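# Structure assessment
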Amino acid sequence: MFPFTIEKVTSVEAAIAAASSGRRLIAGGTTLIDLMREEVEQPQQLVDINALPMSEIRIDRSDLVIGALARMADVAAHPDVQRLQPLIAESLIEGASPQLRNMASIGGNLLQRVRCPYFRMVDAACNKRNPRSGCAALGGLNAGHAILGTSDHCVATHPSDVAVALVALDATMRVKGPKGERTFPVEELFRLPGDTPHLEHTLLPGELIVEVRIPWGPHSRRARYLKVRDRASYEFALVSAAAALDVAEGVIRGARLAVGGVGTRPWRMRAVEAALIGKVPDRRVFQAAARSAVEGARPLSGNHYKLELLPPTIVRAFEMTGEIA
């Protein structure tokens, strides 16, 4: 282990100043501590932000607002989350073991690093860890890697489950930094790898996530999360789907769909959504719409199976909403 220092801050302003100076912020530490143990990351100065007043879970009119430091376990168990946005609760429970949920924060979960084994092997080529060094996954073990949004420089999937749900529900996030506050869709937090895969998110220097806001809609209570993985216990998704439906008078008025385990970021499926609007919620309608989910996919030698697994996973997630005839 390498030497480092840690200090504690009690105000958002102090945290912004620390981040602006290059120090690393830490909350639950469920990702960063692992990477430090493996010497993938070697920050010299850590700043504990757990004392900041950003862990509240509240209802603002009909929106669900979650502080960035709220623990995954607390959010998943909160009665207002379960009542108004069950998709969020499901994705959090599916996203980690009980021990990790007790420690991990919502903001940290969104910013977690990829789980590609080559990223975590310091002697392997990885453009995320060491820009312009190459991508060992392209010709290596890549069964768990992405088929959407990939580039010749990176094929790692984004690992967060709750991020998939937040993108499906059109959640927004409020961030603070040296230049003030701004609010933007959670979907816009995540960058495609392109030729700069080491740049993973759109936060500006010194910015930190303050809260996430999920708007309520008629689809909110008819929303489900389905995660396909190698084992039933804690594991990352091979394919996952966050699906929500608004059906009135036997016709689909609104559909929300985002998928995980297949993209380099949480992947919104707007073409599938558009194909469902105005249709009768029949299984064949969903099967036809789901086929478009793999358009533009770039499978690797080890993950062709995701082309076949993704469409039925989408259909099953919509079935779980209870709205399909």
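Quick note: structure is the one above.
This write-up is about the structure you can find in this document. Remember, predicted model here, so these are calculated numbers, not experimental data.

### Regarding the overall build of the protein chain
Assigned secondary structure in the protein chain consists of 11 helices and 12 strands. Rg of the C-alpha trace for the protein chain: 20 Å, near the compact-globule value of 20 Å for 325 residues, within the 12% margin. Projected onto the principal axes, the alpha-carbon positions of the protein chain cover approximately 60 × 50 × 35 Å. Residues classed as buried in the protein chain amount to 53% of the 325 residues present.

### Concerning the side chain of Thr-157
Take Thr-157: it is sitting in the loop between helix 7 (106-110) and helix 8 (162-168). In this structure Thr-157 comes out as buried when scored by relative accessible area, which is 15%. The contact partners of Thr-157, leaving out residues within four places of it in the chain, are Val-114, Gly-144, His-145, Ala-146, Gly-261, Val-262, Gly-263, Thr-264 and Lys-306.

### Some points on unusual backbone geometry
For Arg-61, which is not glycine, the phi dihedral falls at a positive 55°. Within the secondary structure layout, Arg-61 lies in the loop between strand 4 (57-60) and strand 5 (63-67). The phi angle at Asp-170 is positive, at roughly 60°, despite the residue not being glycine.

### Description of the pattern of salt bridges
Evaluation of the coordinates by the stated rule reveals 29 salt bridges. For the salt bridge of Asp-60 with Arg-213, the shortest nitrogen-to-oxygen distance reads 2.9 Å. One end of the pair, Asp-60, is in strand 4; the other, Arg-213, is in strand 8 (residues 208-214), with 153 residues separating them in the sequence. For the salt bridge of Lys-227 with Asp-161, the shortest nitrogen-to-oxygen distance reads 3.0 Å. Linking Lys-227 in strand 9 (residues 223-228) with Asp-161 in the loop between helix 7 and helix 8, this pair joins segments that are 66 residues apart in sequence. The two residues Lys-227 and Asp-161 agree in class, both being buried.

### Brief notes about the nonpolar core
The biggest cluster of nonpolar side chains holds 41 residues, and the ones touching the most others in it are Val-75, Ile-88, Leu-110, Leu-166, Met-173 and Val-212. The biggest single contributor to this core is helix 8, with 7 residues. One finds Val-239, Ala-297, Leu-310 and Phe-318 within the second-largest nonpolar core, a separate group that totals 28 residues.

Conventions and cut-offs
- Residues numbered from 1 in each chain as written.
- Predicted model: local features only at pLDDT ≥ 70, side-chain atom pairs only at ≥ 80, totals over all residues.
- Heavy atoms only, no water.
- Helix = DSSP H or I, 4+ residues; strand = E, 2+ residues; numbered from the N terminus.
- Rg over C-alpha atoms; globule rule 2.2 N^0.38 Å.
- Buried < 20%, exposed > 50% of the residue type's maximum accessible area, 1.4 Å probe, protein only.
- Contact = heavy atoms within 4.5 Å.
- Salt bridge = Lys/Arg side-chain N within 4 Å of Asp/Glu carboxyl O.
- Core = buried A, V, L, I, M, F, W, Y, C linked by side-chain atoms within 4.5 Å.

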